[in-house]
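For reference, the chains in residue letters:
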Amino acid sequence: MITTLLEPFQFPFMVDAMIVGIAVGAVCSVLSCYLVLKGWSLMGDAISHAVLPGIVIAYAIGLPLAVGAFASGLFCAVATGYIKANSRVKEDTVMGVVFTGLFAFGLVIFTKVKSDLHLDHILFGNILGLAPGDLRDTLIVAGLTLGVILVLRRDLLLYCFDSGHARTIGLSTAFLHYLLLSFLAVTIVVSLKAVGIILVIAMLVTPGCIAYLLTDRFNSMLLIAAASAMGSSFFGVYLSFFINASTGACIVLLQAAVFLTALVFAPKHGLWAARRQRRLGSTGTPAEGRGAA
Amino acid sequence: MIETLLTPLQYEYMLKAIFVSAVIGGVCAFLSCFITLKGWSLMGDALSHSVVPGVAVAYYAGWPFAAGAFVTGLLAAVGMGFVKTKTRLREDAVIGVVFTAFFALGLLLISLYPSQVDLRSIVFGNILGISNPDIVQVLIISGVTLVVLGFKWRDLLLFCFDPNQARALGLNTTVLHFTLLTLLSATAVAALQTVGACLVVAMLVTPGATAYLLTDRFGRMIGIATSMGVGTSMVGAYASYFFDGSTGGCIVTLQSALFVAALVFAPKHGLIGQRARRRAAALGAGATEAPS
């Protein structure tokens, strides 16, 4: 029994996958707290799809793939901002047009570039087949990103909550805006290997939502998000070993399960608590009414 | 040269693909006018990803793929609505959580029982290999969507522009809301066949957005969007013969190119037009200010 449970740890590729999953989970979840507050959840979706042409072009001209991915991810964000500012089309529509355009363009040039890139790995991740340098690269980039976000966490938080106030007290909001976008692009590039383009959006939204249901304090929100994401990553990789299923899908489904639990049982903002409060409220109202009168 | 260009048209599967793409492209473009006005673009993206578990289950169970897809699409839409009204989370975050969970569930099912469903054909579409029963399903979906839109477009238009006035006029906005959501799910399922889950949102957004840049009249917007949808889908399906069958990529790249052209050159709302108007306004202001 115990031997079976410990079996995954005997394989180096499983241990690597768990470490990378936890690192990616940590950096994505911290960023997700800001995205959820800022209302940028779907910006993550857009940027993650938009990295495809960058990857293909970088491969074709021999640049590191991460550089191409980062550049085209940022291009998507900047183009969305520009078109929104200069036309009457709504932001969500612009986002849809821009990221699908880039993704489609990526698909078309992919067919014309002879490569040993696997489209499946870009889309769904390949965490169980990491190359020797991948573990080191992921840890370095994830660590640096996490470090900078945590150092600047107060400025970023103020920008997300109330950008007007941030400007009045002398912070450069344009700088913070592009900084956050760059973090988003870097994080997506780092996470591609683990969960792939399509599911990275879950890593960038769900932990923040879980934490936002459970607490009203930003610091505890960061901790809860990170804990739920790192836990889901670890158990997702672990579980996928036994049921022989897609690792990315297992990680995301575990996160979704935690979200559902928080949705129902969260002490203050959960469905259950809300119902109890309503019941208390409805019996409490007449008394209050009398008191006021 | 000409011979090379005509080669695709000699194959029956190419002609079939061009025809079916044109139908789907037209219907999606028609609907896209409502979706862009309503601001539901990302709902289209979310629904197209949410149908994946339904497609997987339908294949295992031997149902028509459209039935399964449609059910999970609607489940996801209802789930999003529920979570949004019951919590303090923003709508975009709720959409993100729900659709990724559905998509992951689909991915899990497919990875557990790999032989049955081809993941690539769900994610990228497979119009060049579409089977006849699937064509029938797509045509039924398109026909029903067109009929509903044809009869209800005025009500839906009012609902998209100004739900409060629609309610004041005695229209049942809840019914209209679900009608539009149902049509969106249905067309997302149809478009999945042509361009795949990742690019469905383009078919449901780009033609409407392009037409919106070109005209201020809704009737004309529908005309422009639909002809653009039909045209790009036909040319894209044809061109995909030369691009290793990446039909979705070709269609959506074409649509995006037209959008960029409209963005720059649209007579009234384009970048050049706006700049010219601003300059004219500045000159005009200068001219009127000078005498005073």
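Residues numbered from 1 in each chain as written. Chains lettered and ligands numbered in written order. Predicted model: local features only at pLDDT ≥ 70, side-chain atom pairs only at ≥ 80, totals over all residues.

Undergrad: Explain the overall build of chain A to me, please; I cannot follow it from the model alone.
TA: Secondary structure summary: chain A contains 13 helices and 0 strands in total. In chain A, the succession of α and β elements from N to C terminus is α-α-α-α-α-α-α-α-α-α-α-α-α. Computed over the C-alpha atoms, the radius of gyration of chain A is 21 Å, within 12% of the 19 Å expected from 2.2 N^0.38 for a compact globule of 293 residues. Principal axes of the C-alpha set define a box for chain A whose edges measure 80 × 65 × 35 Å. In chain A, which comprises 293 residues, the proportion classed as buried is 49%. Restricting to contacts in chain A with at least 6 residues of sequence separation, those with at least 24 account for 71%. (Helix = DSSP H or I, 4+ residues; strand = E, 2+ residues; numbered from the N terminus. Rg over C-alpha atoms; globule rule 2.2 N^0.38 Å. Buried ≥ 20, exposed ≤ 12 C-beta atoms within 10 Å, placed from the backbone. Contact = placed C-beta atoms within 7 Å.)

Undergrad: Looking at this structure, how should I read the overall build of chain B?
TA: What chain B contains, in helices and strands, is 14 helices and 0 strands. When the helices and strands of chain B are listed from N to C terminus, the series reads α-α-α-α-α-α-α-α-α-α-α-α-α-α. In terms of overall dimensions, chain B is globule-like: its C-alpha atoms have a radius of gyration of 21 Å, near the 19 Å expected for 292 residues. Along the three orthogonal principal directions, the C-alpha set of chain B runs to about 80 × 60 × 35 Å. Taking all 292 residues of chain B together, 52% fall into the buried category.

Undergrad: Quick question: what am I supposed to make of the interface of chain B and chain A here?
TA: By a widespread convention, an interface's size corresponds to the accessible area lost as its parts come together. Taken together, the contact between chain B and chain A spans 48 residues of the former and 48 residues of the latter. Looking at the side of chain B that touches chain A, the elements with two or more residues in it are helix H3 (41–50), helix H5 (65–86), helix H6 (91–112), helix H11 (200–214) and helix H13 (247–265) of chain B. With 14 residues, H6(B) is the single largest residue contributor to the side of chain B that touches chain A.

Undergrad: What's the story with the packing of helix H12 (residues 218–239) of chain B against H13(B) in this structure? I'm lost.
TA: Any two packed helices are characterised by how steeply their axes cross, that is the angle between the axes, and by the distance between the axes. Residue and element names in this part refer to chain B. Remark: H12 packs on H13, axes separated minimally by 8 Å, with the N-to-C direction vectors making an angle of 135°. Between H12 and H13, the angle is such that the two are oblique. Crossing hand, H12 versus H13: right-handed. Every residue of H13 that contacts H12 at Met228, Thr232, Ser233, Val235, Gly236, Ala237 and Ala239 is listed here: Thr247, Cys250, Ile251, Leu254, Gln255 and Leu258. (Axes fitted to C-alpha atoms, helices over the stretch in contact; angles between N-to-C directions. Parallel < 35°, antiparallel > 145°, perpendicular 65-115°, else oblique. Left-handed = near helix turned anticlockwise from the far one by under 90°.)

Undergrad: Before we go on, may I ask you to explain the confidence of the model for chain B in this structure?
TA: Reading fine detail from the predicted coordinates is not recommended where pLDDT is low. Predicted confidence across chain B gives a mean pLDDT of 87, with 96% of residues reaching 70 or more. Averaged over each element, pLDDT in chain B is lowest for helix H14 (residues 271–289) of chain B (77) and highest for H12(B) (93). (pLDDT = per-residue confidence, 0-100.)

Undergrad: How should I be thinking about the environment of B:Met234 in this particular structure?
TA: With respect to the element layout, B:Met234 can be found in helix H12. Beyond its immediate sequence surroundings of up to four residues, B:Met234 is in contact with B:Ile18, B:Ser21 and B:Ala22.

Undergrad: Explanation requested: unusual backbone geometry in the structure shown.
TA: Among all residues save glycine, negative phi is the norm, and among peptide bonds the norm is trans. All names here are of chain A. The phi dihedral of Asn244 falls on the positive side, at around 55°, and the residue is not glycine. Note on placement: Asn244 falls in the loop between helix H11 (218–243) and helix H12 (247–265). On the basis of neighbour count, Asn244 is assigned to the exposed category, with 9 C-beta atoms found within 10 Å.

Undergrad: Just to check I follow, could you spell out the confidence of the model for chain A for this structure?
TA: Residues and elements named next belong to chain A. The pLDDT averaged across chain A works out to 86; a share of 96% of its residues lies at or above 70. Across chain A, element-level confidence peaks in H12 with a mean pLDDT of 93 and bottoms out in helix H13 (residues 271–292) with 65. Between residues 285–293, whose pLDDT stays under 50, and residues either more than four places distant or in other chains, the model counts 0 contacts.

Undergrad: Can you walk me through helix H8 (residues 153–161) of chain A in this structure?
TA: Owing to its 3.6 residues per turn, the α-helix brings residues three or four apart onto one side. All names here are of chain A. Of the positions making up H8, those classed as buried are Leu156, Tyr159 and Cys160. Angularly, the buried residues of H8 cover 95° about the axis, an arc narrow enough to put them on a single face. The secondary structure elements touched by the buried residues of H8 are helix H2 (12–38), helix H7 (134–151), helix H9 (163–168) and helix H10 (173–214). (Arc of directions from axis to C-beta.)

Undergrad: How should I be thinking about H12(A) in this particular structure?
TA: Relative to the 27 Å expected for 19 residues at 1.5 Å per residue, H12(A) spans 27 Å between its end C-alpha atoms, a close match to the ideal helical length. Burial within H12(A) is extensive, with 14 of its 19 residues counted as buried. (Expected span 1.5 Å × (residues − 1).)

Undergrad: Just to check I follow, could you spell out the nonpolar core for this structure?
TA: Soluble globular proteins: nonpolar side chains tend toward being buried together. Counting residues in each nonpolar core, the largest one holds 202 residues, and the members touching the most others are B:Val98 and B:Ala104. With 27 residues, H10(A) is the largest single contributor of residues to this core. (Core = buried A, V, L, I, M, F, W, Y, C linked by C-beta atoms within 7 Å.)

Undergrad: Help me out: how do you make sense of the environment of B:Thr4 in this one?
TA: Among the structural elements, B:Thr4 can be located in helix H1 (residues 2–6). As for B:Thr4 and B:Val51, which are separated by 47 residues in sequence, their C-alpha atoms are 38 Å apart.

Undergrad: So what exactly am I meant to see when it comes to the packing of H3(B) against H5(B) here?
TA: Residues and elements named next belong to chain B. Remark: H3 packs on H5, axes separated minimally by 8 Å, with the N-to-C direction vectors making an angle of 130°. On the basis of their axis angle, the class for H3 and H5 is oblique. Seen from above, H3 lies across H5 with right-handed handedness. Facing H3, whose interface residues are Ala46, Leu47 and Ser50, H5 presents Thr72, Gly73, Ala76 and Ala77. For the contact of H3 with H5, a count of residues per class yields 4 nonpolar, 3 polar and no charged. (Nonpolar A, V, L, I, M, F, W, Y, C, P; charged D, E, K, R; others polar.)

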